[in-house]
2 protein chains.
Amino acid sequence: MNFRYPNGKVYKKPERTTLTKQKKHDYSNRGMILEDDINETNNYYLRECIAVIHKKPTPVQIVNVDYPKRSAAVIKEAYFKQASTTDYNGVYNGRYIDFEAKETKNTTSFPLKNFHDHQIVHMKNVIDQKGICFVLLRFSTINEIYYLEAKHLLTFWERQTNGGRKSIKKEEIENLGYKIKLGYQPRIDYLRIIDKLYF
Amino acid sequence: MNFRYPNGKVYKKPERTTLTKQKKHDYSNRGMILEDDINETNNYYLRECIAVIHKKPTPVQIVNVDYPKRSAAVIKEAYFKQASTTDYNGVYNGRYIDFEAKETKNTTSFPLKNFHDHQIVHMKNVIDQKGICFVLLRFSTINEIYYLEAKHLLTFWERQTNGGRKSIKKEEIENLGYKIKLGYQPRIDYLRIIDKLYF
């Protein structure tokens, strides 16, 4: 059965992708759904005392701050800075966890331009320190999420640097990564993969 | 020999504490020297491939952003948010490292008001996950820095909650903590304490 607006138009349940599109100019729209789901997941882990993993705040270069009497300081001029690390980190059973989450609308490959040079360098450093480092890759059109160890991402990055393709083929991700079934609580249970791989 | 200004006044080499005082209204002045020294230390650890430890960006609630054509987005209105975690975290030899750094001008005790409730909760959570969690406490007047395990801070916090004193006595810190000798490179070599305690 269709519901109708007072003007007769059929009511269509808003899709989350539509919401994202509307926020076209919002700096933070890129990867918004994935981000929400990961935040929910991390909140769940925290609440249930499973792990302590947080998203880092967006790095901002503050230029001008106003200090009105009797009220909170207002930042009047600031700029977005490029992050020098990945977005998420924390601790799970003593081990250091570090990851980045990205989305693409592509269905057959994941473009490497989603990552920055210093994120790649950071991942290398984390691996050298024996941290658990990975990426969560979401194919938004087909709503599939994969866990891919950072070491594999580094290999594909290297391939690109040597003149190879600028993306990772989906079948490469399927072969080397782990598909994460979406759940209710937690939504993206990436720690189950870590359990299998590290504990 | 004294140097003199053109007006005859003796030139006094500015002390770092003076610099901090001048920045009285700067949000980030609290713990600035300590912060600088820790950032230098972390950069050293990173450069020398000893550890990957970063300060988290200051959390900011962004309210209004301007997107001028052909130039970078400008944040026009934003507010400082209270951090829900500690300021520093990262990985050292596979282990998760998490700490907060604070300064006081007091010479005989360290006021607990330097910490927030949710930082304390965060530290508890990190300890439960077997992370390495501690605080760096600086007595700025006498320029002494101590490493104190978070578990001890939690005990003192508990004591306060139960009606006890609102600060930690310096001698308690001396007894339970570890004094860090200031160095040149790195300036505050807190990993040496961690080596002794955990490895």
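Scroll up for the structure.
Computed from a predicted model, the values in this text were never measured in an experiment.

Caption draft 1: Expanded view of the interface of chain A and chain B. Listed by partner, the interface residues are 40 residues for chain A and 40 residues for chain B. Carbon and sulfur atoms make up 62% of the surface buried where chain A meets chain B, a total of about 3200 Å² over both sides. The tally of links between chain A and chain B comes to zero salt bridges. Linking chain A with chain B are 14 residue pairs in polar contact (both at pLDDT 80 or more), by the criterion used here. For the side of chain A that touches chain B, the secondary-structure elements that each account for two or more residues are strand S1 (52–55), strand S2 (60–66), strand S3 (74–80), strand S4 (88–92), strand S5 (95–104) and helix H3 (117–128) of chain A. Ranked by the residues each element gives to the side of chain A that touches chain B, the list is headed by S3 of chain A, at seven residues. When grouped by side-chain class, the residues that make up the side of chain A that touches chain B number 22 nonpolar, twelve polar and six charged. Pairing geometry for S3 of chain A and strand S3 (residues 74–80) of chain B, over four bridges, is antiparallel. Within S3 of chain B, the residue paired with Val-74 of chain A across the bridge is Tyr-79 of chain B.

Caption draft 2: Region of the structure containing the sheet that holds S2 of chain A. Read from one edge of the open sheet, four strands run S2(A)-S3(A)-S3(B)-S2(B), paired in antiparallel fashion. The outermost strands of the open sheet, each flanked by one partner alone, are S2 of chain A together with strand S2 (60–66) of chain B. Looking at each pair of strands side by side, their axes are set apart by 35 degrees on average, direction ignored.

Caption draft 3: Just helix H4 (residues 150–161) of chain A, in detail. Residues and elements named next belong to chain A. Spanning twelve residues, H4 covers 16 Å between terminal C-alpha atoms, matching the ideal 16 Å at 1.5 Å per step. If you follow the buried residues of H4, they end up packed against H3, strand S7 (132–139), strand S8 (144–149), strand S9 (167–169) and helix H5 (170–176). Trailing H4 by a residue or two, Gly-163 shows a phi angle of about 95 degrees, which is positive.

Caption draft 4: Focus on the nonpolar core. Ranked by internal contacts, the top residues of the largest apolar core, which has 44 residues, are Phe-115, Met-123 and Leu-153 of chain A together with Phe-115, Met-123 and Leu-153 of chain B. Aside from chain neighbours lying at most four places away, what touches Met-123 of chain A is Thr-86, Glu-100, Phe-115, Cys-133, Val-135, Ala-150, Leu-153 and Leu-154 of chain A.

Caption draft 5: Representation of the packing of helix H3 (residues 117–128) of chain B against helix H4 (residues 150–161) of chain B within the structure. All names here are of chain B. Running from amino to carboxyl end, H3 crosses H4 at an angle of 135 degrees, the nearest separation of the two axes being 10 Å. Judged on the interaxial angle alone, H4 and H3 are oblique. Helix-helix and strand crossings are classified by hand; for H3 and H4 the assignment is left-handed. Contacts from Asp-117, Ile-120, Met-123, Lys-124 and Ile-127 in H3 reach Ala-150, Lys-151, Leu-153, Leu-154 and Trp-157 in H4. Residue classes in the contact of H3 with H4 are distributed as seven nonpolar, no polar and three charged.

Caption draft 6: Local environment of the relation of the copies chain A and chain B. Superposing chain A onto chain B requires a rotation of 180 degrees together with a translation of 0.0 Å along the rotation axis, leaving an RMSD of 0.0 Å. Interpreted geometrically, this transformation is the action of a two-fold axis. A shared interface surface links the copies, since 100% of the contact residues of chain A are contact residues in chain B too.

Caption draft 7: Highlighting the packing of aromatic side chains. Throughout the structure, instances matching the rule amount to 23 aromatic pairs over all chains. Considering the side-chain rings of Tyr-96 of chain A and Tyr-96 of chain B, the 6.0 Å spacing of their centres and the 15 degrees angle between planes classify their relative orientation as stacked. Of this pair, Tyr-96 of chain A sits in strand S5 while Tyr-96 of chain B sits in strand S5 (residues 95–104), each in a different chain. Given a relative accessible area of 1%, Tyr-96 of chain A falls into the buried group. Aromatic side chains Phe-139 of chain A and Tyr-146 of chain A sit 6.1 Å apart centroid to centroid with 85 degrees between the ring planes, which places their arrangement in the edge-to-face category. For the pair Phe-139 of chain A and Tyr-146 of chain A, a shared accessibility class is recorded, and that class is buried. Across from the ring centre of Phe-139 of chain A, 5.5 Å away, lies the NZ or CZ of Lys-170 of chain A, which sits over that ring.

Caption draft 8: Representation of the pattern of salt bridges. Evaluated as defined, the whole model comprises 20 salt bridges over all chains. One salt bridge connects Glu-172 of chain B with Arg-159 of chain B, and the closest N-O pair in it is separated by 2.7 Å. In this pair, Glu-172 of chain B is assigned in helix H5 (residues 170–176) and Arg-159 of chain B in helix H4, connecting sequence segments 13 residues apart. Residue Glu-172 of chain B is classed as buried on the basis of its relative accessible area of 16%. By relative accessible area, Arg-159 of chain B is classed as partly exposed at 26%. Ionic contacts of the salt-bridge type, sharing partners, join the residues Glu-144, Lys-170, Glu-174 and Lys-179 of chain A into one network.

Caption draft 9: Spotlight on empty space enclosed by the protein. Here the structure, examined in full by the defined rule, presents two cavities of 30 Å³ or more. There is about 50 Å³ of room inside the largest cavity. Elements represented by at least two residues in the lining of the largest cavity include exactly helix H2 (32–47) of chain A together with H3 of chain B. For the lining of the largest cavity, the class distribution of residues is six nonpolar, two polar and one charged. Approximately 40 Å³ is the volume found for the second largest cavity. The class makeup of the residues in the lining of the second largest cavity is four nonpolar, two polar and one charged.

The rules we used
Residues numbered from 1 in each chain as written. Chains lettered and ligands numbered in written order. Predicted model: local features only at pLDDT ≥ 70, side-chain atom pairs only at ≥ 80, totals over all residues. Heavy atoms only, no water. Contact = heavy atoms within 4.5 Å. Buried area = accessible area lost by both parts, 1.4 Å probe. Salt bridge = Lys/Arg side-chain N within 4 Å of Asp/Glu carboxyl O. Polar contact = N/O pair within 3.5 Å; in protein donor to acceptor, adjacent residues only side chain to side chain. Helix = DSSP H or I, 4+ residues; strand = E, 2+ residues; numbered from the N terminus. Nonpolar A, V, L, I, M, F, W, Y, C, P; charged D, E, K, R; others polar. Pairing = 2+ DSSP bridges. Axes fitted to C-alpha atoms, helices over the stretch in contact; angles between N-to-C directions. Expected span 1.5 Å × (residues − 1). Core = buried A, V, L, I, M, F, W, Y, C linked by side-chain atoms within 4.5 Å. Buried < 20%, exposed > 50% of the residue type's maximum accessible area, 1.4 Å probe, protein only. Parallel < 35°, antiparallel > 145°, perpendicular 65-115°, else oblique. Left-handed = near helix turned anticlockwise from the far one by under 90°. Least-squares fit on C-alpha atoms with pLDDT ≥ 70 in both. Phe/Tyr/Trp six-rings, centres within 6.5 Å; stacked < 30°, edge-to-face > 60°. Lys NZ or Arg CZ within 6 Å of the ring centre and 35° of its normal. 1 Å grid on protein atoms, 1.4 Å probe; cavity = no way out; pocket = protein on both sides within 12 Å on 5 of 7 lines; lining within 4 Å. Points joined across faces, edges and corners; volume = space filled by probe spheres on them.

This is a description of form; function is not addressed.
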